[in-house]
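# Structure at a glance
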Amino acid sequence: MKKYADLHVHTTFSDGLLSPAEVVDLAVRKGLSAIAIADHDSVGGIDEAIEAGLKAGIEVIPAVELSVSFEAFQDVHLLGYHIDHHDGLFLKRLDDFQKRRDNRGSAILEKINAKLVQEDRLPVSGEEVAALAQGSLGRPHIARALQARGYVTGMEDAFVRYLEPCDVPKEYFAADEALAEIERLGGVSVLAHPVSITSQLGKLEGVLKELKYLGLDGVEVFSNMCSTDDIILLSACAARLGLTVTGGSDFHGPGEYADLGFIRKENRLSYTLVENVAAALRKKRAAQGI
Ligand code: AMP
Ligand code: FE
Ligand code: FE
Ligand code: ZN
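Because the structure is a prediction, the values reported are computed rather than measured.

## Section: the packing of helix α8 (residues 201-213) against helix α9 (residues 228-241)
- Running from N to C, α8 and α9 cross one another at 35°; their axes reach a closest spacing of 11 Å. Between α8 and α9 the crossing geometry is right-handed. Across the interface between the two elements, Leu201, Leu204, Glu205, Leu208, Lys209 and Lys212 of α8 pack against Asp230, Leu233, Leu234, Cys237, Arg240 and Leu241 of α9.
- Grouping the constituent residues of the contact of α8 with α9 by class yields 7 nonpolar, no polar and 5 charged.

Below, the structure written as structure tokens:
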């Protein structure tokens, strides 16, 4: 029987809507054999998911999605799989990063509140936003707080009218440092939704080549952001560069744009993608003599 998986899943520990245990429960109901919990700049949900996975008989892979900058590209998303998510130094780094995220969130909210007051609307409190964000605070949490107040019709409306005009730059890990960190944690590094960097695949291949030189192991070929053509061309590109092919939905919650275990509505993500990551891990460990 064919097995299915999803290597890119968010929980309430970043901007997802379901708790880790709820995500595992949904994955079971969707007939998945494995999921990777890949919250933005947080590993707080992994242990709860692993525990729920053990009970439910589903494989849970520890992961993280780091926001990095690389050359002129900002907000490049880098996934780390099979990382040691209990590493003290890493936890400290993520904690520092989250504090900076909180400060940025407060600065964005201040700008939004000034706009709301101009519009004769009551401001949104920091507590309202914090109540929606258990882990890594992000702009989606502010968007949901605006929606709860009835100021916007949904995510997209919130971004266009408030979050984009009132944005404050985010701080990023440098790509080379983030890749070295994933390596230090014994993990496999993968570039998430690659077409978000550039939709020009020729240019993207150049970026992938440079990132590979810095230590990148794989690329998320099967992504909701890729067209069918992109998937075919990116697979060939990954083969040329010797990068591992992975895939994930970037699930944030029911009713959001991505469905757990699926890309582009009806295409299921094969378990062979999980095996690809495991093979990359074995190869790396063999090369390191572990
Ligand atoms: P942050 O990391 O706080 O800057 O938030 C970035 C997240 O916001 C992304 O990962 C997306 O999930 C979400 N996002 C960004 N732009 C939009 C948009 N135009 N509409 C809906 N969600 C968005
Ligand atoms: Fe997100
Ligand atoms: Fe992402
Ligand atoms: Zn994601």
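## Focus on the coordination of the zinc ion (ligand 4)
- For the zinc ion (ligand 4), the full set of protein donor atoms is His8 (NE2), His10 (NE2), Glu65 (OE) and Asp250 (OD), at a range of 2.0 to 2.2 Å.
- For the zinc ion (ligand 4), the 4 donor atoms are set out with angles of 84 to 176° between them, so the coordination reads as irregular.
- Taken in chain order, the donor set of the zinc ion (ligand 4) reads H-x1-H-x54-E-x184-D.
- A spacing of 4.6 Å is found between the zinc ion (ligand 4) and the iron ion (ligand 2). Within this pair, whereas His10 is found in the loop between β1 (5-9) and α1 (20-29), its partner Glu65 is found in strand β3 (residues 59-70), the two being separated by 55 residues in sequence. The burial state of His10 is the same as that of Glu65; both residues are buried.

## Considerations on the coordination of the iron ion (ligand 3)
- Within the protein, Glu65 (OE), His77 (ND1) and His193 (NE2) serve as the donor atoms for the iron ion (ligand 3), at 2.1 to 2.2 Å.
- The distance between the iron ion (ligand 3) and the iron ion (ligand 2) comes to 5.5 Å. Remark: His193 occurs in the loop between β6 (188-191) and α8 and Glu65 occurs in strand β3; sequence separation between them is 128 residues.

## Concerning empty space enclosed by the protein
- Under the definition given, this model contains 1 cavity of 30 Å³ or more.
- Looking at the largest cavity, its volume works out to about 30 Å³.
- Lining of the largest cavity is provided by Arg101, Arg104, Gly105, Ile108, Leu137, Gly138, Arg139 and Ile142.
- Elements with a contribution of two residues or more to the lining of the largest cavity: α3 (88-118) and α5 (139-148).
- Top contributing element to the lining of the largest cavity by residue count: α3, with 4 residues.
- A breakdown of the residues in the lining of the largest cavity according to their chemical character gives 3 nonpolar, 2 polar and 3 charged.

## With respect to the layout of surface pockets
- Approximately 780 Å³ is the volume found for the largest pocket.
- Contributing elements (two or more residues each) for the lining of the largest pocket: β4 (73-81), α3, α5 and α6 (155-163).
- Split by residue class, the lining of the largest pocket holds 8 nonpolar, 8 polar and 12 charged.
- Of the volumes computed, that of the second largest pocket is approximately 210 Å³.
- The element contributing the most residues to the lining of the second largest pocket is helix α10 (residues 272-287), with 3 residues.
- Here the lining of the second largest pocket is built from residues that sort into 2 nonpolar, 3 polar and 5 charged.

## Observations concerning the pattern of salt bridges
- All told, the structure shown has 20 salt bridges when counted by the stated rule.
- Here Arg101 and Asp41 are joined by a salt bridge, their closest N and O atoms 2.9 Å apart. Of this pair, Arg101 sits in helix α3 while Asp41 sits in the loop between β2 (34-37) and α2 (46-56), placing them 60 residues apart in sequence.
- Here Lys284 and Glu183 are joined by a salt bridge, their closest N and O atoms 3.0 Å apart.

Thresholds, definitions, all that
- Residues numbered from 1 in each chain as written.
- Chains lettered and ligands numbered in written order.
- Predicted model: local features only at pLDDT ≥ 70, side-chain atom pairs only at ≥ 80, totals over all residues.
- Heavy atoms only, no water.
- Axes fitted to C-alpha atoms, helices over the stretch in contact; angles between N-to-C directions.
- Helix = DSSP H or I, 4+ residues; strand = E, 2+ residues; numbered from the N terminus.
- Left-handed = near helix turned anticlockwise from the far one by under 90°.
- Contact = heavy atoms within 4.5 Å.
- Nonpolar A, V, L, I, M, F, W, Y, C, P; charged D, E, K, R; others polar.
- Donors = N, O, S within 2.8 Å, 3.2 Å for Na, K, Ca; no water.
- Tetrahedral: all angles 85-135°; square planar, octahedral: opposite > 155°, others 65-115°.
- Buried < 20%, exposed > 50% of the residue type's maximum accessible area, 1.4 Å probe, protein only.
- 1 Å grid on protein atoms, 1.4 Å probe; cavity = no way out; pocket = protein on both sides within 12 Å on 5 of 7 lines; lining within 4 Å.
- Points joined across faces, edges and corners; volume = space filled by probe spheres on them.
- Salt bridge = Lys/Arg side-chain N within 4 Å of Asp/Glu carboxyl O.

Function cannot be inferred from these measures alone, as they are strictly geometric.
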